Structures are given as structure tokens and as C-alpha cells.
Amino acid sequence: MIQIPPPPPPAISQLPEVVVTAARLPPAASEAAFSATRLTRDDLAGQARLDEALASVPAVSLFRRTSSLSANPTTQGISLRAIAPSGAGRTLVTLDGVPLNDPFGGWVIWSQVPTESLSGLDIVRGAGAGPYGAGALTGVIALRERDAGSVLDLSLAERGGGRAAGAGVLALGPVQLVGTALYETSDGYVPVRGDAAGAADTALDLEVKSAALRADVPVGAATVSLRVAAFEEERGSGLAGARATASGNSLSVTAATAPTADRPGWRLQAWRRESDLANTSVAVSADRATTTPANDQFETPATGWGVNAALRGVETMGSDGRLEWEVGADARLAEGETRERFRYMTVNGAGAFTRDRIAGGETSVAGLYGDGSWTSGPWLVAGGLRYDRWSTSEGRRLERDRATGLPTLDETDPDRSGEVVSARLGVRRDLGDGQALRAAAYSGFRPATLNELHRPFRVGNDLTEANAALEPERLTGVEGGWAWEGEGASLSATVFWNRIEDAIVNVTIGQGPGTFPRAGFVPAGGVLRQRQNAGVIEATGLEVDGRLALTETLALRGAVSATDARVDGGMAAAQLTGLRPAQAPIWSATAGLEWSPMDRLTLAAGARWESRRFEDDLNSRVLEAAATVDARAEWAVSPSTTIWLAADNLFDADVEVAETGTGVASFGPPQTLRIGVRLSR
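Residue indices follow the written sequence of each chain, beginning from 1 at its first position. Local features in this predicted model are restricted to residues whose pLDDT is 70 or higher, and side-chain atom pairs enter the listing and the counts only when it is 80 or higher, whereas totals over whole chains, interfaces and linings include all residues. Note: side-chain values were computed over all heavy atoms of the structure, leaving out hydrogens and water.

Let's talk about the overall build of the protein chain
Piece 1. Helix numbering and strand numbering both begin at the N terminus, where a helix is a DSSP run of H or I of at least 4 residues and a strand a DSSP run of E of at least 2. Each helix and strand counted, the protein chain has three helices and 41 strands in total.
Piece 2. The classification of residues rests on relative accessible area computed with a 1.4 Å probe and restricted to protein chains. Under 20% of the type maximum is buried, over 50% is exposed, and intermediate values are partly exposed. When burial is assessed residue by residue, the protein chain has 52% of its 681 residues classed as buried.
Piece 3. Taking contacts inside the protein chain between residues at least 6 apart in sequence as the whole, the part at least 24 apart equals 65%.
Piece 4. Surface accessibility follows the Shrake-Rupley procedure with a 1.4 Å probe radius. Residue values consider only the protein chains on display as shielding. Counting every atom, the protein chain has about 29100 Å² of accessible surface; 60% of that belongs to carbon and sulfur. The contact criterion used is simple: two residues touch if any of their non-hydrogen atoms lie within 4.5 Å.

With respect to the sheet that holds strand β24 (residues 462-465)
In a beta sheet, neighbouring strands are held together by backbone hydrogen bonds and run either parallel or antiparallel to one another.
Piece 1. Pairing is mixed across the open sheet formed by four strands, whose spatial order is β23-β24-β30-β27. The open sheet is flanked by β23 (457-459) and β27 (504-511), the only strands paired with a single partner. Put simply, the sheet's adjacent strands are angled 25° from each other on average, direction ignored.
Piece 2. Strand pairing is assigned whenever DSSP detects at least two bridges linking the two strands. As paired elements, β27 and strand β30 (residues 527-533) share seven bridges and run antiparallel to each other. Its bridge partner lying in β30, I504 is registered against N533. Each axis is a line fitted through C-alpha atoms, and for a helix only the stretch in contact is used; angles between axes span 0 to 180 degrees, taken between their N-to-C directions.

Let's talk about the sheet that holds strand β7 (residues 139-145)
Piece 1. With mixed pairing, five strands are arranged side by side in an open sheet as β1-β6-β7-β4-β5. Each end of this open sheet is capped by a strand with a single partner; those strands are β1 (36-40) and β5 (98-99).

Describing the side chain of R355
Piece 1. Counting through the fold element by element, R355 comes out in strand β18 (residues 350-376).
Piece 2. Using a relative accessible area of 18% as the deciding quantity, one classes R355 as buried.
Piece 3. Excluding anything up to four places from it in sequence, R355 contacts E340, R341, F342, R343, R400, D401, R402 and T408.

A word on empty space enclosed by the protein
Piece 1. In the cavity and pocket records, a cavity denotes points on a 1 Å grid over the protein atoms alone where a 1.4 Å probe fits but cannot get out, a pocket denotes an open set with protein on both sides within 12 Å along at least 5 of 7 lines, and lining residues are residues with an atom within 4 Å of a point. Grid points are joined across faces, edges and corners, and a volume is the space filled by probe spheres set on the points. For the coordinates displayed, the defined rule picks out 15 cavities of 30 Å³ or more.
Piece 2. Computed from the structure, the largest cavity encloses a volume of approximately 480 Å³.
Piece 3. Around the largest cavity, the lining is made up of 30 residues, and of these D102, P103, R332, T363 and T449 lie nearest the centre.
Piece 4. Mapped onto the lining of the largest cavity, the elements with two or more residues apiece are β14 (265-284), β17 (321-347), β18 and β19 (379-401).

Details of the side chain of T300
Piece 1. Tracing the chain through its elements places T300 in the loop between β15 (291-299) and β16 (302-317).
Piece 2. Polar contact criterion, stated in full: a pair of N or O atoms within 3.5 Å, where within protein one must be able to donate a hydrogen and the other to accept it, and residues adjacent in sequence count only if both atoms are side-chain atoms. Within the structure, T300 has its side chain in polar contact with the backbone oxygen of L277 (distance 2.9 Å).
Piece 3. Non-local contacts of T300, meaning those with residues more than four positions away in its chain, are made with F104, S275, D276, L277, E337 and T338.

So, the environment of S620
Piece 1. Among the structural elements, S620 can be located in the loop between β35 (613-614) and β36 (622-623).
Piece 2. For the pair S620 and L385, spaced 235 residues apart in sequence, the C-alpha separation works out to 41 Å.

A short note on the environment of T404
Piece 1. Secondary-structure assignment places T404 in the loop between β19 and β20 (407-412).
Piece 2. A sequence separation of 49 residues divides T404 from R355, and the C-alpha atoms of the two residues are 9.9 Å apart.

Examining unusual backbone geometry
Most peptide bonds are trans, and most residues other than glycine sit at a negative phi.
Piece 1. Residue P513 is reached from G512 by a cis peptide bond, and omega for that bond is 5°.
Piece 2. Relative to the assigned elements, P513 resides in the loop between β27 and β28 (514-516).
Piece 3. If you check the backbone angles, Q583 has positive phi at about 65° while not being a glycine.
Piece 4. Within the secondary structure, Q583 sits in the loop between β32 (554-568) and β33 (587-598).
Piece 5. Although it is not a glycine, D652 sits at a positive phi angle of roughly 55°.
Piece 6. Considering the arrangement of structural elements, one finds D652 in the loop between β38 (641-648) and β39 (656-659).

Digging into the environment of T75
Piece 1. Examined against the element boundaries, T75 turns out to sit in the loop between β2 (60-62) and β3 (78-80).
Piece 2. Each C-alpha atom of the pair T75 and G105 lies 9.6 Å from the other, and the pair is 30 residues apart in sequence.
Piece 3. Apart from the residues lying within four places of it in its own chain, the contact partners of T75 are F63, R64 and G87.

Section: the pattern of salt bridges
Piece 1. Salt bridges are identified by distance alone: a Lys or Arg side-chain nitrogen within 4 Å of an Asp or Glu carboxyl oxygen. Under the definition given, this model contains 58 salt bridges.
Piece 2. Close ionic contact of R49 with E184 constitutes a salt bridge, the shortest N to O distance being 2.4 Å. Taken together, the residues span a long stretch of sequence, with R49 in the loop between α1 (41-44) and α2 (50-54) and E184 in strand β10 (residues 175-186) at a distance of 135 residues.
Piece 3. Given the relative accessible area of 10%, R49 is considered buried.

Observations regarding the packing of aromatic side chains
Piece 1. Paired rings are identified among Phe, Tyr and Trp, the last through its six-membered ring, by centres lying within 6.5 Å, and are further divided according to the angle between planes into stacked (under 30 degrees), edge-to-face (over 60) and tilted (the rest). One pass over the structure, following the stated rule, counts one aromatic pair.
Piece 2. Here Y344 and F353 contribute two aromatic rings whose centre-to-centre distance is 5.3 Å and whose plane-to-plane angle is 75°, an arrangement assigned as edge-to-face.
Piece 3. Note that R357 overlies the ring of F342, its terminal NZ or CZ placed 4.0 Å from the centroid.
Piece 4. Across the ring face of F34, the terminal group of R424 is positioned such that the distance to the ring centre comes to 4.5 Å. Any Lys NZ or Arg CZ that is within 6 Å of a ring centre and within 35 degrees of that ring's normal is treated as a charge sitting over the ring.

By themselves these figures say nothing about function.
Quick look at the structure:
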């Protein structure tokens, strides 16, 4: 019997690996024509807080010199180029296209995005006319959430500090999950020191919790990403009885596919964000021995919604030409109100708040845009055009006597709206040998936030009134730059001129002691300010950035920024003409080195210096120049485990961050030692 052998098994085809990432369009080619800085995952790895990592770039201006380690939530605004830092922020911050700016105040709660969760970010300076729209007055900080790898960082610090942060990626069949969690606590430090400090001065303690989960699902050629996130932070404000709590959650859905030579790419995105803020403030006695309750902002519920859509195409033109275009639309809406108790009175030895306040409204902005770039040989030409319509509505401020329930102030603000056309144009030419020249012009706008329109606030003995009649700020600017990149070295320089019209500024309108309409009593040493469209701010500046690898194990970096910003208050605020905007230093510089003397050991140091800045609009309260040095050592126990030791403010410099009307200064954190372990794969 002859046996016939069975047929050979069929060949197994090796299918290409499918890599799932977040639903996002790739960075646009047009960004290369503008002033942009990219921070990678390695740049962020040694930083505990995202705003501190951003501060390593001199062109980035936090509203105050304090970071989110100790800053009140309402002062965590961010701007670019020190033109006019603001608690509301004049920069749009996005995470994979979703704005992170608070729907009520415009500030950014940085603890909601730990550095471990990111794969990198881009800082684009200059008004964003293309897909960025309202809020990108001085530029955009575009964050990218990680798509691969996992990391866990555990650390302890002086003054009761502890931090646990992690992010990881898990594949479940075709679905990819990306999770992030953060917990941080600190007993804090007392900001007022020495003989000026009194019993009323307390520590800036902190407790932070945040978490996020993203699911990426491939659907045909597209990816759909669903992301949910929540955060909560509670902190002391440095005075007995003054505390702040911020919390919020967000939900976003994004679908996208990248463009190819055969078909355009697209993105559809919808998001919703809720936030709340509780903030208590106090009046301080002259000897700083006691405080008296001044305001109890017990709730600030706010909700923001947004949608955006984009269509992007890429076409080949000739032998070396390339045309990339994008058209899209977006809309954002926000509603919220502040709920407060105020006017604290003492009768027969017992004290209580005697007034209630509810103030808030709605804002919206919607726009259409077109953006594109053309590349041919050494040339890149990019431009964009936007049309936006903004509105404020449902504005109201109601104040009542708590004993009788009768209104003491009942105002309804008229609905307002307007239209803005903005544009940008940039040209870049490669000169060869690693050199390139570029030039750009742009315009943009920022509508006032609900906070600026409707919420009065108090810091110590200083009061600031809201202004429901605020118009949007508008910026125009031009810049030119040169860049060179060689083997192991790079150098770039940019000069710019910017002009902000209808700049929203806190303008001093009264001095304490005294009683004023609407605001009430202002104590001695305090001032009364109001948010106003205070004329024009013009700024001329220079930015220089360089990196040098001296050897394979030693690298240096340095950057300097100079921005001379001046106010022209016009007839409305003539007293401000010729002065510098509050919190806007002229000079800032950073430097750093990284040295790996052996395979397992890495030593790094970074320094930051800033010239003096002014606390107030009248330039009467001076915050002197300051310099700090940070150091870090890392020992690689294994490829996946690193032990590290860091010293923040290594030389224990006194960095003045605030000053009262009576000359009492507050300072940033003293020298702080931290030790931790980092696990990664």
C-alpha cells in the first residue's frame, strides 16, 4: 500500500503590527514657520510639576513666581513672552486638542496633568490664528498624552512632602488603555519670614489627587479615543483661615485619521469640562497677629463644552513641492457663577458674614478657519485666516442681606456680542549648512473670562472689582528669527514686536482706609482695583536659545529672553502710561548641564535668573531680581529602576513673590531636598 504524504501546511502570513495611538492629527507642517519650542519626554522626566517644566523656557511666564506647589488656583494662569502675565492666562493650553483652561477663570490647574502622563509638548509663540482660535493671544502650549510605555515615580521631600505618580499603557486586543494617577501632599512652608512674620502667617500646605483614563479603539482607518479625567486639590493660602479647594472632571471623545497622498485626514472632537472652586480670604491685622474673615467663596460651579472639526489634505506639487491644507470649525461655551458670603461683622463679640453674593453668566465663541502651508525646496510659506463670533449673556450680580433676605445690589448685565477676524502668515527659508531664516506676522484675540467679568476678589487687604463690560483683548505682532543646527549643537534667535489693544488690567481706583461703592470697606494699607480695558500694551523682545554637546557624556543648554513691555493707558487710565505691566519682568534666563560620568550615574543642574518685576499696576511694589539653582543626581540600579536625589533652590535663595501695600514681602519655597525611585518600561 502506497501512502500519499499529507499536503504541507499553508504558509503563515506575517501581518504588520498595528500600533494604536490617540486620535489626533499629526503636527502641521505650518508650525515650522513660527516660533516653536518642543519639550520631549526626557525634558519632562525630572520635573515634578508641569508648570515648573514649562518655566525652564524663558519665554514662558507664570503669573507669579510661585509654581503650582504653592500658588492659589486663581493665580495659575500662564502666558508667553512676559508681555503681560495674568491670573486668567493669555495662552491656550490643550491636551490632544482639548482645552485645559478653566471654564470659569481661564487658569490651568496643573496637577490635572502630571508630567509622567505626557510624551511631549510644543510651545508655539505668537497669536494662534489657525486651528487654535480664542484664548491663544500670546500662543499655544499643545500637550501630547503618552501612547506607549509605563512609569511610576515615588518620592519623599522635606516638610512632609510625598508624591506618587504613574502612567501606563495596556493593550486589550485591538483596544489600548492609557491610565494616569497622581497623589501629592506637603505640609508646606510659610511665605512670610523673619521679623515681618506674625502668628497669622501659616504654611502653604497641599494635598492633590488626579486620575485619567483613555481608551483608543481602531475603527477602520480611523481611531476613536474616549478620555475621562478628574482632579481635586486643597491648599493653605499662607494666612490663618484662608484656604482654597479646586476640583473638576472632564470627558472627551475624539475620532481622527491621518492624511495620506490618496485621501485627506480628519478629526471630530467633543468635550465637556466641569470645575468648582472654594476660596476663603481674610483681612490681616497691622501686626500680623490675627486675621478676620473677609470672604467665603464657598462654591464656583462652572461648566464648559466644546466641539471642533477639521479636514486636512496633503498634495504633491511638482518634483519637490508639497501643499498641506486644513479647514475647520470650532465652538466653545462656558457657564458658571460664584457663590459667596462676605461683609463680616462683629456684634457683641460674635462675628458673622452679613451678605450673600451670586454672580456669573455665560460666554461663547465659535469660529471657522482655514490654514495651510506650501513647501518647495528650501522654502516654507504658511498662513491662516479665522472668523470668530463671541458673546456674553445671562450676566447677573445679586447681593442680599443675610438677616432680611432683601437685595442690596441687583444688577442684570446686557447681552453683548461681536466678531473678530484674525490671521497669520509665516515664511521660512533653509540657507544650507543647518541654517534657516524665518519671518511671521499674526493677530489674535482673547475674550474676558467669567471670572474677570463677574467675580470680585480679595487678597489680604487688597480688593479687586469685576467688570461685566470688558471687551476682548486683541493682539497683533511681527517677528523674525534665525536658527542653526549642527552636529551636537544648535542656536536660535528671535526678535518680535507685539501690541495688545483693550488689554485687561487690574487698575488701582482707590486707597484704604475707606468705604467705596459696590466694593465696601478697604482697610488701611489696602487698595481697591477694578478690571478694565486699560489702553494698549506694546512689547519688543529678543529670545535666544542654544544647546551644546561638549562630549558624549556632557551637554549644556542656555536661553535668555528680554521683553520690554509698556502700557499706554490713554484717557481711561492715564496714570499707567509709560509703566510696565504688573508681573512682567524684562529679563529672564535659564541654563543647565547634564553630565554622565559613568554609565549608571547622571548629574544635572539647572539655574534660572529673572530681573525685577512689579507686583502692581502702578509699579509701586517692587519684587527684586532673583536667581535659583536646582540639582539632581540619578543612579540606574537597572534598565528599569532609577534612584534619584534632587535639591530645589539649592542655595536657599530668598525669592520675593509678593508684597503688600505696607511692604511685607512673601517668598517662594526655601531649599528643599527630595528623594525618590522611578520605575519604567
